[in-house]
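# Geometric and topological summary
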Amino acid sequence: MTLKKIIICIIGCLLIIQTSNGQFQESQPSGFVNTLNPAVPFLTIPPLSGTGGTAFINTINIYNAETGHFGNPALASLSDKSFSVASGYSPWLRELRPDMGLLGISAYLKIKPGQYFGFDFMYFDLGRFIQNQSQTQLNPSEYAGSISYSIRMSTYSSVGVRLKYICSDLVGGSPISGTSYKPGRSIATDLGYSLQIPSNNNHMQHHFGVAVNNLGSKISYSRNAPSQFIPTSLKLGYGIHYKINPKHSILIAYEAEKYLIPTPPIYIADSIDMNGNPIILAGYDPEVSVLKALIRSFYDAPEGFEEEINEVLHHFGLSYSYKNISFRSGLFMEHATKGNRKFATSGLGYTFNSFEINLYYLIPFYPNMPIANTLGLSLVWNIGGTV
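Residues numbered from 1 in each chain as written. Predicted model: local features only at pLDDT ≥ 70, side-chain atom pairs only at ≥ 80, totals over all residues. Heavy atoms only, no water.

Relative to strand β8 (residues 184–199), strand β7 (residues 157–169) is paired through twelve bridges, and the arrangement is antiparallel. By the bridge assignment, Val 159 is partnered in β8 with Tyr 193. In the sheet, β8 pairs with strand β9 (residues 204–216) via eleven bridges, with the strands oriented antiparallel. Bridge pairing links Ile 197 to His 206 in β9. The loop that links β8 with its antiparallel partner β9 comprises four residues; one of these, Asn 200, has a positive phi angle of about 55°. (Pairing = 2+ DSSP bridges. Helix = DSSP H or I, 4+ residues; strand = E, 2+ residues; numbered from the N terminus.)

This is how it looks when you write it as structure tokens:
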């Protein structure tokens, strides 16, 4: 295949992905709607726009300067830079509120060849609200700060770990309806592994990645309320990067994601046991430990294996790079019975000197979705080469 045909093929794929939202009509769930609703869902939103352009794939090397920031903690050791810092901002759910937004900043530092230490911080501003009864103004917010360590195990593989502190203040310390609420807090970790295999005289790279994100304690907002699970998830990613020539390259990637938290059971209507709890018809009691929930998450769906498969989130990404410009596109697919989020993403990256700037725009498949018109901007600064 000639270079011209390859470029035409890639551009065609990008156009197909970006126009596919017009081919979908909002589907009605054909089964039992049973969504998973963890606390602090902002942890599932990568704040940098390079990954946003490829439907938020962040377990493998996506060949931009953001690799190693947030996402899979093993990826930092793939870098040959001495230091890298990235920041990004995205207005969020602007169809619901005009003042919500997600801010992220991340950095990593080479401490030895193949070993990196990093930190990152995410801040989610949920906007301002007026509490009806007391007319008190609330400014809820959430944030997570973390440190990470990544080490290259061999020429082609690396592992990493990230330790994070999470704080969620949904009421700003103000009592509501006579109930005193407190900020929810949790300690969690991310674990990651990355493997890349070269072929075709290093013109092609196969990338594999696996990460367990947000494995940590449950979170509670008051003494009397039950604790809630944070969005612990398992991600598996695979990508192929092909370097056509020194000026042109393409990346095709896929990532599967599944929450490792309890699936809500089906209860018998208007029934309680001797302890005052509703009686479960199908599924398992969700009030269990984090470890037990993680194990059960692979078989606890009340409708069995088919429902477990429906819980898998699908990310598809495509990137074409010409010299120092990258064009990105992606698809995110969620089953209708698990939330029905379906959208396309479009992104652009530009590298100049030691900087890279990235933009992305999110295009929902269905009208009136809260995530419509979401966009993001990020900037990366890399310093030095090998030390």
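Right, let's talk about the pattern of salt bridges for a bit. Summed over all chains, the structure comprises nine salt bridges. One salt bridge connects Arg 162 with Asp 190, and the closest N-O pair in it is separated by 2.9 Å. Of this pair, Arg 162 sits in strand β7 while Asp 190 sits in strand β8, and the two are 28 residues apart along the sequence. Note on Arg 162: relative accessible area 3%, which makes it buried. With a relative accessible area of 3%, Asp 190 lands in the buried category. (Salt bridge = Lys/Arg side-chain N within 4 Å of Asp/Glu carboxyl O. Buried < 20%, exposed > 50% of the residue type's maximum accessible area, 1.4 Å probe, protein only.)

In this section: the pairing of strand β6 (residues 141–152). Strand residues, when the strand is regular, have side chains that alternate between the two faces of the sheet. Note that strand β3 (residues 115–125) and β6 share eleven bridges and pair antiparallel. Looking across to β6, one finds that Gly 118 is bridged to Ser 148. Sheet topology places β6 next to β7; twelve bridges connect them, and they run antiparallel. Directly across from Ile 151, in β7, lies its bridge partner Val 159. What sits between β6 and β7 in their antiparallel hairpin is a turn of four residues.

Following the criterion strictly, the structure yields 14 aromatic pairs and no others. Relative to Phe 343, the ring of Phe 332 lies with its centre 4.8 Å away and its plane at 10°, an arrangement referred to as stacked. Of this pair, Phe 332 sits in strand β15 (residues 325–333) while Phe 343 is found in strand β16 (residues 342–352), placing the two residues eleven residues apart along the sequence. One exposure class covers both Phe 332 and Phe 343, and it is buried. Consider the rings of Tyr 350 and Phe 352, whose centres lie 5.7 Å apart with planes at 20°: the pair is stacked. Using a relative accessible area of 37% as the deciding quantity, one classes Tyr 350 as partly exposed. The rings of Phe 56, Phe 332, Phe 343 and Tyr 360 are connected pair by pair, giving a single aromatic cluster. The side chain of Lys 258 reaches across the aromatic face of Phe 298, ending 5.6 Å from its centre. (Phe/Tyr/Trp six-rings, centres within 6.5 Å; stacked < 30°, edge-to-face > 60°. Lys NZ or Arg CZ within 6 Å of the ring centre and 35° of its normal.)

What follows concerns the side chain of Ser 158. Residue placement: Ser 158 occurs in strand β7. Residue Ser 158 is classed as buried on the basis of its relative accessible area of 0%. Polar contacts involving the side chain of Ser 158 include one to the side chain of Ser 77, which spans 3.4 Å. Those residues in contact with Ser 158 that lie beyond four places of it in its chain are Ala 74, Ser 77, Leu 78, Ile 151, Arg 152, Met 153, Gly 192, Tyr 193 and Ser 194. (Polar contact = N/O pair within 3.5 Å; in protein donor to acceptor, adjacent residues only side chain to side chain. Contact = heavy atoms within 4.5 Å.)

With 37 residues, the main nonpolar core has Val 40, Phe 42, Phe 124 and Ile 166 as its most contacted residues. With sequence-adjacent residues up to four places away left out, Ile 166 is seen in contact with Val 40, Leu 43, Tyr 143, Ala 144, Gly 184, Arg 185, Ser 186, Ala 188 and Ile 230. Leu 36, Tyr 259, Val 288 and Ala 293 belong to the second largest nonpolar core, which has six residues in total. (Core = buried A, V, L, I, M, F, W, Y, C linked by side-chain atoms within 4.5 Å.)

Turning next to the environment of Tyr 193. Structurally, Tyr 193 is set in strand β8. On the basis of relative accessibility, which here comes to 32%, the residue Tyr 193 falls in the partly exposed class. With 18 residues separating them along the chain, Tyr 193 and Ala 211 place their C-alpha atoms 6.4 Å apart. If sequence neighbours within four positions are ignored, Tyr 193 has contacts with Asn 72, Ala 74, Ser 157, Ser 158, Val 159, Phe 208, Gly 209 and Val 210.

Now for the side chain of Lys 235. Within the secondary structure layout, Lys 235 lies in strand β10 (residues 233–243). Polar contacts involving the side chain of Lys 235 include one to the side chain of Asn 58, which spans 3.2 Å.

Moving on, we get to unusual backbone geometry. Phi angles above zero are rare outside glycine, and Asn 353 is one such case at about 55°. With respect to the helices, strands and loops of the structure, Asn 353 is situated in the loop between β16 and β17 (355–364). We classify Asn 353 as exposed; its relative accessible area is 80%.

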